[in-house]
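Each chain is listed here by its residues.
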Amino acid sequence: GARAINTGIALDFDSLPGSKTDAVVVPAGYTASVLAPWGTPLNDNASAWKPDGSNTASDQLNSVGMHHDGMHFFAIAGRSDDGILVINNEYIDQDALHPSGATSDASGKRPADEVRKEINAHGVSAVRITRVDGQWRVSERDPLNRRFTTATVMALSGPMAETDHVKTAFSKDGTLARGTNNNCGNGYTPWGTYLTCEENWPDVFVNRAATLPADQQRIDIPTDETRFGWETAAGDSSEENGEFARFDLTPRGASASDDYRNEANTFGYIVEIDPFDASQRAVKRTALGRFRHEGCWPGKVEAGKPVVFYTGHDARFEYIYKFVSNANWEPADAEPADRLAIGAKYMDDGTLYVARFNDDGSGEWLALTPSAPTRGGSTLGEELGELPEIILNTAHAADLVGATPMDRPEWGTVDPINGDVYMTLTNNDERGPEELNAANPRPTNVNGQIIRWRENDGQDGFRWNIFVFGADAKAMAEINRSGLTPANQFASPDGLAFDNRGILWIQTDNGGNAVAKDTNNQMLAVVPANLGAQNGRPGVIDAESQSQLKRFLVGPNDSEVTGFAATPDNTSIFINIQHPGNWPYSDDASEAVPQGTQVRPRASTVVIQKTDGGPIGV
Ligand code: FEO
Ligand code: CA
Ligand code: CA
Ligand code: CA
């Protein structure tokens, strides 16, 4: 029989039923409060948020951005009532952002002020928050409050920096980039910095050239139009700036310093932010690869061993990656004087690998270096060039070495107890019956699964299994392989995070399938260490153990539940409600909008506490 291998943490709440309301639902004994919604002023340069959409581009630059996603709580001096919440603002809802949606003139050109507001609603918001008498509040004038937008100047670091690939009219020496975009999942480092990850950035660009560079073809840079038409607006069109023209990559000059052909080469990276020092630029860490990065998660650090980061490419049939530092971890680096110098030490020099999942439960990390062998018998160097050329087209390098195409890798997280790595594979409705393998075993996979692996000694390989399969509770056993019931059925797992106690929180971004008929998006919890041991590891969720997976929260209609952060003592946890349809109604996230009323929807962080002030979930 099953044998628990870790005790001390037991979930102590009843799994919630599904919900389809305009409210956040949490178990009895808990509160859910709205914190730092879109438009919250961060300094005196912003007017208060206006419910008619009339705030200016400048207001938006100085306020919390839109469509919150990944985030992290950086405690001040280890406290659980004072910290910096750093929040990704992934994308925008133009209908909510402007008084009456996006506009353009008769020739299709967008107004510059609207475009500036849209650019300023993207990126990252750093927000000082404090808890007084049990209530969390934003400190609206704190010097650590900060915005990063699609126009903020950032440093380029690592192998791509100063190469011809990233020399632009704006940065002729290839040391700077402008902006970060479509920041989806996130990460953090063992030295106290935040990582924000550039996911669907290709869609703000267009290239109308007859033939696109190979990397732009591989990553799907649009050839007809951009997502929001920013490049049509008349902004500061000086050659060095090209405020909006830079989103059109079509070559028009004699060289890269005459136009914006290289602008997209400065996107697609992991970006490091020091939340404790507002004087420091954000830094793009190019050694971790260039693709549609969902997020970036550190492995468990050990003195004298390399520092490891896991990252995934969220698109159908894309890959899971691992970066391994050349430098070995020194515990003194956990409290450095210069955090970004430590970032350079562990994130600019190292080796990027991509995962192959073999059907026998073994796995291999395939190096993406010039000397790495390809499946065709050549080397990556012979096929692509030196390391910068490999990074520029990371996904194609991964194709060449024979990585396993996955069912859309979204978030990862590392078990703080045993170092096991978990990653959501959200869905892949295009996987055909001939394309199945043990790691991606269901055709037309509309439900998704969570895969898990444990590194072998030496970092060159791993053992993996599927932790849980998403499914509709009514589906046949071949689909509902984990025996889910109405109390815990879920589909399209996306956000994923272990807290420091070993509770695994699973969030969903689902729509349109059988599970969505029964419930809005949700957050579930499980303690893997409490599942029966199998071969020395915690067990997977199966028909015997499925009741240990419990639904803790359900989001409002039309929203996705994403982002996870916790105070060090776990008495407050923070989640984000992204793209709600008719929410929030008040500061109480669990108060539904009255029937017949429509509010201007605002993505928001929600802070969850127990009414008795105790730790969450137990
Ligand atoms: Fe922005 Fe892959 O979710
Ligand atoms: Ca999202
Ligand atoms: Ca996501
Ligand atoms: Ca998603």
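Just so it is clear, the model here is predicted, and its values are computed rather than measured.

Caption draft 1: Quick look at the overall build of the chain. Broken down by element type, the chain carries nine helices and 32 strands. For 618 residues, the compact-globule estimate of 2.2 N^0.38 gives 25 Å, and the chain sits close to it at 23 Å. Along the three orthogonal principal directions, the C-alpha set of the chain runs to about 70 × 60 × 50 Å. Look at the contacts in the chain between residues 6 or more apart in sequence, and 63% of them connect residues 24 or more apart.

Caption draft 2: Molecular detail of the sheet that holds strand β30 (residues 560-566). Spatially, β1-β32-β31-β30 is the arrangement adopted by the four strands of the open sheet, whose pairing is antiparallel. What marks the edges here is a single partner per strand, and that holds for β1 (30-35) and β30. When the angles between neighbouring strand axes are averaged without regard to direction, this sheet yields 30°. Across six bridges, strand β31 (residues 572-578) lies against strand β32 (residues 604-610) in antiparallel orientation. Looking across to β32, one finds that Asn576 is bridged to Thr605.

Caption draft 3: Region of interest: the sheet that holds strand β20 (residues 409-414). If you walk across this open sheet you meet the nine strands as β13-β14-β16-β17-β18-β23-β22-β21-β20, and the pairing is antiparallel. The strands lining the two open edges of the sheet, one partner per strand, are β13 (293-298) and β20. Across the sheet, the mean angle separating the axes of adjacent strands is 30° when strand polarity is ignored. Both strand β18 (residues 362-367) and strand β23 (residues 461-469) contribute to a ladder of three bridges, which runs antiparallel. Note that in β23 the partner of Ser362 across the bridge is Arg463.

Caption draft 4: Main features of helix α8 (residues 394-401). When you tally the buried positions in α8, you get six out of eight residues, the bulk of the element. Three or more residues of α8 are buried, namely Thr394, Ala395, Ala397, Ala398, Leu400 and Val401. At the C-terminal side of α8, Gly402 shows a positive phi close to 90°.

Caption draft 5: Summary view of the environment of Gln609. Here Gln609 is to be found in strand β32. Separated by 99 residues in sequence, Gln609 and Asn510 have C-alpha atoms that sit 26 Å apart. With near-sequence residues (within four places) excluded, Gln609 lies in contact with Tyr30, Thr31, Gly134, Thr571 and Ser572.

Caption draft 6: Structural context of the environment of Asn510. Within the secondary structure layout, Asn510 lies in the loop between β25 (504-508) and α9 (514-518). Between the C-alpha atom of Asn510 and that of Gln522, which follows or precedes it by 12 residues, the distance is 9.1 Å. The contacts of Asn510, once residues within four sequence positions are left out, are Ala491, Ser492, Val515, Ala516 and Asn521.

Caption draft 7: Structural context of the pairing of strand β26 (residues 522-526). For β26, a buried count of five out of five residues is recorded, marking the element as mostly surrounded by other parts of the structure. By the alternation rule, side chains of β26 split into Gln522, Leu524 and Val526 and Met523 and Ala525, which are all buried. Note: β25 against β26, four bridges, orientation antiparallel. From the neighbouring strand, Trp505 faces β26, where its bridge partner is Ala525. Relative to strand β29 (residues 550-554), β26 runs antiparallel, the two being bridged by four bridges. Bridged to Ala525 within β29 is Lys550.

Caption draft 8: Spotlight on helix α5 (residues 339-347). All of the buried residues along α5 are Arg339, Leu340, Ile342, Gly343, Tyr346 and Met347. Down the axis of α5, the buried set is contained in an arc of 150°. They therefore lie on one face. Residues of α5 that are buried in the fold lie against β11 (270-273), β12 (283-285), β14 (306-313) and β16 (320-328).

Caption draft 9: Broad picture of the confidence of the model for the chain. Summarising the model, the chain shows a mean pLDDT of 96, and 99% of its residues fall at 70 or more. ipTM for the predicted complex: 0.93, alongside a pTM of 0.98.

Caption draft 10: Structural view of unusual backbone geometry. With an omega of 0°, the peptide bond running from Trp583 to Pro584 counts as cis. Positionally, Pro584 belongs in the loop between β31 and β32. Of note, the phi angle at His67 is positive, near 55°, even though the residue is not glycine. Relative to the helices and strands, His67 is located in the loop between α1 (57-61) and β2 (68-75). Taking the C-beta count within 10 Å as the criterion, His67 has 27 such neighbours and is therefore assigned buried.

Caption draft 11: Representation of the environment of Asp338 within the structure. Positionally, Asp338 belongs in the loop between β16 and α5. Spatially, the C-alpha atom of Asp338 lies 9.5 Å from that of Asp277, the residues being 61 residues apart in sequence.

Caption draft 12: Geometry of the pairing of β16. The pairing of β14 with β16 spans six bridges and is classified as antiparallel. The residue bridging Tyr310 from the neighbouring strand is Lys322, located in β16.

Caption draft 13: The arrangement of the nonpolar core in detail. Formed by 166 residues in total, the largest nonpolar core has its most connected members in Leu85, Val127, Val354 and Val606. Non-local contacts of Val127, meaning those with residues more than four positions away in its chain, are made with Ala36, Leu42, Val64, Ile84, Leu85, Ile87, Val138 and Asn145.

Rules used throughout
Starting afresh in each chain, residues are numbered from 1 along the sequence in its written order. Numbering of ligands from 1 and lettering of chains from A proceed in the order in which they are written. Given that this is a predicted model, residues contribute local features only at a pLDDT of at least 70 and side-chain atom pairs are listed and counted only at 80 or more, while totals for whole chains, interfaces and linings are drawn from all residues. Helix numbering and strand numbering both begin at the N terminus, where a helix is a DSSP run of H or I of at least 4 residues and a strand a DSSP run of E of at least 2. Computation of the radius of gyration draws on C-alpha atoms alone. For the globule rule, the value is 2.2 Å times the number of residues to the power 0.38. This entry defines residue contacts through backbone-placed C-beta atoms, with two residues in contact when those atoms are within 7 Å. At least two bridges found by DSSP between two strands is the condition for calling them paired. Axis lines are fitted through C-alpha atoms, for helices just across the contact stretch, and the angle between N-to-C directions can take any value from 0 to 180 degrees. Neighbour density around each residue's C-beta defines its exposure: 20 or more other C-beta atoms within 10 Å make it buried, 12 or fewer make it exposed, and counts between make it partly exposed, where C-beta atoms are placed from the backbone. It is the directions from the helix axis to the C-beta atoms whose arc is reported. As a per-residue measure, pLDDT tells how confident the predictor is, with possible values from 0 to 100. In plain words, the nonpolar core is the set of buried Ala, Val, Leu, Ile, Met, Phe, Trp, Tyr and Cys residues that C-beta atoms within 7 Å link up.

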